[in-house]
Amino acid sequence: MVTETSSPVFPGGATEPVVPPVAKAQVHDLNFFYGELRALKGISIPIYKHLVTALIGPSGCGKSTFLRCFNRMHDLYPNTRYDGRIVLMPDNVNILHREVDPIEVRMRIGMVFQKPNPFPKSIFENVAYGLRVRGIRNRAVLTDKVEEALRGAALWDEVKDRLAELAFNLSGGQQQRLCIARALATDPEILLFDEPTSALDPIATASIEELIADLRSKVTILIVTHNMQQAARVSDYTAYMYLGELIEFDRTQTIFVKPKKKQTEDYITGRFG
Amino acid sequence: MNPGSMSSRTEVDQAHIRALVTSGKRKQLLFAIAGLTCTMIALLTLLAAFLQLLIDGLPRLSWDFLTNFPSRHATQAGILSAWVGSAMVMVVTMLAAVPVGVGAAVYLEEYAPRNWLTDLIEINVTNLAGVPSIVYGLLALGLFVYQFGFGESVLSAGLTLALLILPIIIVSTREALRTIPGNIREGAYAMGATRWQMVSNHLLPYSTGGILTGVILGMAEAIGQTAPIICIGALTFIAFLPDSPFGGSPPFINFSWLFSEFTVLPIQMYNWVSRPDKAFQLNAAAAGVILLAMTLLMNGLAIYIRYTVRKKIKW
């Protein structure tokens, strides 16, 4: 299923062994419309399994719109239309197909938002929410899963003694890690991040970036960021978008060191955007 | 600061600025006085009315007043049937209006598509709040009393008042739902929640405070209503109580009270006020104190619940 793998990947640096990437999802000629406005124009890229793919580009380039196609978030709003396919592996299902229920898609693909959005419930209930939606009632299972997810989001040690406390009492960075834990608790196949650090201070940002790099071993990650350094730090592959079009998609190193297109280079070097 | 070093032009400017500030402050003071006067007129009138009620009514208030039926003799007359009637009608009103009102609001806010039909419904709901209550009384007389055959009963009265306060509950519930940020909704949907799970696990719990505010406002409006209740044929003199809703034998609960004849506090008051005998007027004042106390009790309870809910939720 993997197409045009131009070069092998070296996750985290050139010294690591060559790993041929496996596609977790394949986007085929994706167009997206807000009413008459065509916000995405014929995008085709692979999303590689257990790697981080970053979406970069100036404001309004459609990177968030693209991300939100993956969990059918647009279905919540009227006058939106998808055209094209996002095929999820290994079962080869087009998650944009009319007959595929968006709720089913969201059960498999988690999302972390720009601004931390914990529910006004306890820390425990926030993380347990996805499990409850999936019908899990067994207290022991919930407790185990919540702990595992909080450890996965590097938050366990900070909150283990205050699980019954309201999530709003946490700091901004902790709230965002709580949202990551909430998404992790249900073992998603792909985790979507929509500018997850734009509302956070530099220290909290660093901890989230570190977390994203660690999470790669468990889950496939797609991250939108307006911060190019962030894309360079956390991602293995990068897609540069402009005005709804995909300009260039390649290994992050290549994009940042030797982009093929002049347009990409101008954006990366700060001459544009 | 050395004024001597300033040029004459600067001094002129400063004098001008000072004059502007002084005149601005004077206007500000005038407005504050005018505002305070308006507040006082409203507040003092209300306070005077309330004090008059207390002075007239307090001496008549006693345990007997609460436990006696009305009587031809002013000093023996009580409001037992009236306050029990009011309480029962309020229970019916709440049980009918809250689920229907909240359900309608959730539907309009979260489920209904945005088109001319829902716009029309929305305008109608808002305007219903302005319909005179006697009109609801006439509607109820035809619909509940005759058409449905509920008779001149507690049930008819409760449903009538429920209709009357539905718009208040719908409007305030919709406003409460709108204060919940979009990112909380998206967060819930992103976890795989269905629309109903989003509504029942998130929207309703988080908007409880706002919904309660609407319920309080509505109930306070309902408990004071006289016209629609008279319209459906409540009695003005009643010397018996409806059957108790709680029985001594299984199933320990019965519904015959719903179909009982009844009266309510405002009607009892109206009845007494219209008598020439001064002693009955004092009875009316005393009944007014009880009516106010019932309203305040309801409001107090709701404010307490709202406070405990709001303490937890800040957006």
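Fair warning: this is a prediction, and the values are worked out from it, not measured in the lab. Sequence order sets the numbering: in each chain, residues are counted from 1 along the sequence as written. All chains are assigned letters beginning with A, and all ligands numbers beginning with 1, in the order in which they are written. At least 70 in pLDDT is required for a residue's local features to be given in this predicted model, at least 80 for side-chain atom pairs to be given and counted, and no such filter applies to totals for whole chains, interfaces and linings, which use all residues. Side-chain metrics in this entry use all non-hydrogen atoms of the structure; hydrogen atoms and water are not considered.

**Student:** So what about the overall build of chain B? Which residues, and what values?
**Tutor:** Each helix is a run of H or I in the DSSP string that is no shorter than four residues. Each strand is a run of E no shorter than two, and both are numbered from the N terminus. Helix and strand counts for chain B stand at 12 helices and 0 strands. The helix and strand sequence of chain B, counted from the amino end, reads α-α-α-α-α-α-α-α-α-α-α-α. Its C-alpha atoms give chain B principal-axis dimensions of roughly 95 × 65 × 35 Å. Buried, partly exposed and exposed residues are distinguished by accessible area as a fraction of the type maximum, computed with a 1.4 Å probe on protein chains only: under 20%, between the cut-offs, and over 50%, respectively. Expressed as a percentage of its 315 residues, the buried residues of chain B come to 40%. Contacts are residue-level and defined by heavy atoms, with any inter-residue pair within 4.5 Å sufficient. The contacts of chain B with a sequence gap of at least 6 include a subset with a gap of at least 24, amounting to 75%. Throughout, the Shrake-Rupley method with a 1.4 Å probe supplies accessible areas, and for residues the shown protein chains are the sole cover considered. Taken as a whole, chain B presents about 17300 Å² of accessible surface, with 70% of it coming from carbon and sulfur. Charged-residue counts in this description rest on Lys and Arg as positive and Asp and Glu as negative, His and the chain ends being excluded. All charge positions are set by atom: Lys at NZ, Arg at CZ, Asp at CG, Glu at CD. Looking at charge distribution, chain B has the averaged site of its 19 positive side-chain charges lying 11 Å from that of its 15 negative ones.

**Student:** Tell me about the side chain of H202(B), and please be specific about residues and values.
**Tutor:** Looking at where H202(B) falls in the secondary structure, it is placed in helix 8 (residues 195-206). In this structure H202(B) comes out as buried when scored by relative accessible area, which is 0%. A polar contact of 3.2 Å, which involves the side chain of H202(B), links it to the side chain of Y129(A). Side chain to side chain, H202(B) and Y206(B) meet in a polar contact 2.8 Å long. In protein, a polar contact means a hydrogen-donor-capable atom and an acceptor-capable atom, both N or O and within 3.5 Å, with residues adjacent in sequence counting only if both atoms are side-chain atoms; elsewhere, any N or O pair within 3.5 Å suffices.

**Student:** Help me get a handle on the domain arrangement of chain B, residues and values and all.
**Tutor:** All names here are of chain B. Each domain's extent is set by a domain assignment, obtained either automatically or from a database. Domain assignment breaks chain B into domain 1 (3-58) and domain 2 (62-312). Of the residues lining the interface, 5 residues belong to domain 1; the matching set on domain 2 comes to 6 residues. When domain 1 packs against domain 2, the two sides together hide about 520 Å² of surface, and 83% of this comes from carbon and sulfur. Once two parts are joined, some of their accessible surface, as seen by a 1.4 Å probe, is lost; buried area is that loss totalled over both. In terms of surface lost to domain 2, no three residues of domain 1 exceed L53, D56 and G57, which account for 73% of the buried area on that side. Here, a salt bridge means any Lys or Arg side-chain nitrogen found within 4 Å of an Asp or Glu carboxyl oxygen. Linking domain 1 with domain 2 are 0 salt bridges. Taken together, the links from domain 1 to domain 2 amount to 0 residue pairs in polar contact (both at pLDDT 80 or more). In the side of domain 1 that touches domain 2, the residues fall into 3 nonpolar, 1 polar and 1 charged. In this classification, Asp, Glu, Lys and Arg are treated as charged, Ala, Val, Leu, Ile, Met, Phe, Trp, Tyr, Cys and Pro as nonpolar, and every other residue, Gly included, as polar.

**Student:** How would you explain the state of the cysteines if you had to name every residue and give the values?
**Tutor:** Disulfides are defined as pairs of cysteine sulfur atoms found within 2.5 Å of each other. Across all of its chains, the model carries 0 disulfides over all chains by this definition. Looking at the unpaired C69(A), the closest cysteine sulfur is the one in C61(A), lying at 13 Å.

**Student:** How would you summarise the interface of chain B and chain A if you had to cite specific residues and measurements?
**Tutor:** At the junction of the two partners, chain B supplies 19 residues and chain A supplies 26 residues. Here chain B packs against chain A, burying approximately 1900 Å² in sum over the two surfaces, 62% of which is carbon and sulfur. Counting across the chain B and chain A interface gives 1 salt bridge. A salt bridge links R68(A) to E186(B); the shortest N-O distance between them is 2.6 Å. Where chain B packs against chain A, one counts 7 residue pairs in polar contact (both at pLDDT 80 or more). Every element with two or more residues in the side of chain B that touches chain A is listed here: helix 7 (182-190) and helix 8 of chain B. Tallying contributions element by element places helix 7 of chain B first for the side of chain B that touches chain A, with 7 residues. Residues of the side of chain B that touches chain A, tallied by class, amount to 9 nonpolar, 7 polar and 3 charged.

**Student:** Requested: an account of the packing of helix 3 (residues 80-111) of chain B against helix 11 (residues 265-273) of chain B, with residues and values cited.
**Tutor:** Two packed helices can be described by the angle between their axes and the distance between those axes. Contact geometry of helix 3 of chain B with helix 11 of chain B gives a least axis separation of 7 Å together with a crossing angle of 145°. Contact residues: helix 3 of chain B offers A82(B), W83(B) and S86(B), while helix 11 of chain B offers L265(B), P266(B) and Q268(B). Axes here refer to lines fitted to C-alpha atoms; in helices the fit is confined to the stretch in contact. Angles between the N-to-C directions go from 0 to 180 degrees.

**Student:** Give me the pattern of salt bridges: which residues, what numbers.
**Tutor:** Residues and elements named next belong to chain A. Summed over all chains, the structure comprises 19 salt bridges over all chains. A salt bridge links R162 to E165; the shortest N-O distance between them is 3.4 Å. On the basis of relative accessibility, which here comes to 24%, the residue R162 falls in the partly exposed class. Judged by relative accessible area, E165 falls into the partly exposed class, the value being 31%. With a shortest N-O distance of 3.0 Å, K262 and D266 are connected by a salt bridge. With a gap of 4 residues between them, K262 and D266 both fall in helix 10 (residues 262-268), about one helical turn apart.

**Student:** I'd like a description of unusual backbone geometry, backed by residues and values.
**Tutor:** All names here are of chain A. Of note, the amide linkage connecting M89 to P90 takes the cis form, showing an omega dihedral of 0°. Within the secondary structure layout, P90 lies in the loop between strand 5 (80-88) and strand 6 (93-94). Phi is positive for N92, which is not a glycine, with a value near 60°. Mapped onto the elements, N92 comes out in the loop between strand 5 and strand 6. Judged by its relative accessible area of 44%, N92 is partly exposed.

**Student:** Requested: an account of the sheet that holds strand 8 (residues 190-194) of chain A, with residues and values cited.
**Tutor:** Residues and elements named next belong to chain A. Two strands are said to pair when DSSP picks up at least two bridges between them. Reading across from one edge, 7-8-9-4-10-11 is the order of the 6 strands in this open sheet, with mixed pairing throughout. In this open sheet, the two edge strands, each paired with only one partner strand, are strand 7 (109-112) and strand 11 (245-251). Strand-to-strand, the axes of this sheet are offset by a mean angle of 15°, without reference to chain direction. Judged from the 6 bridges that link them, strand 10 (residues 237-242) and strand 11 form a sheet pairing that is antiparallel. Following the sheet pairing, A239 is matched in strand 11 by F249. Its contacts with the sheet place helix 6 (residues 172-184) against strand 7 and strand 8, and it is angled at close to 175° to strand 7.

**Student:** How would you summarise the side chain of E248(A) if you had to cite specific residues and measurements?
**Tutor:** Residues and elements named next belong to chain A. Here E248 lies in strand 11. Comment: no salt bridge for buried E248; closest opposite-charge side chain is K260, at 4.7 Å. A distance of 2.7 Å separates a polar side-chain atom of E248 from the backbone nitrogen of K260. A distance of 3.1 Å separates a polar side-chain atom of E248 from the backbone nitrogen of K261. In this structure E248 touches T238, A239, Y240, I255, P259, K260, K261 and T264, once residues within four positions along its chain are discounted.

**Student:** With reference to specific residues and values, describe the pairing of strand 5 of chain A.
**Tutor:** Residues and elements named next belong to chain A. Here strand 1 (residues 23-34) runs beside strand 5; their pairing, made up of 8 bridges, is antiparallel. Within the sheet, the bridge partner assigned to H28 lies in strand 5 and is R85. Linking strand 5 to strand 6, which pair antiparallel, is a turn of 4 residues; within it N92 sits at a positive phi near 60°.

**Student:** Please set out helix 6 (residues 154-178) of chain B residue by residue, giving values where relevant.
**Tutor:** All names here are of chain B. End to end, helix 6 covers 35 Å across 25 residues, agreeing with the expected 36 Å (1.5 Å per residue, within 8%). Note on bend: at a given residue it equals the angle between the axes fitted to the 7 residues ending there and to the 7 starting there. The sharpest bend along helix 6 comes to roughly 45°, located at I165, with the proline P167 sitting one to four residues further on. Within helix 6, 20 of the 25 residues are buried, which leaves it mostly tucked inside the rest of the structure. Expected helix span is taken as 1.5 Å per residue step, with the number of steps being one fewer than the number of residues.

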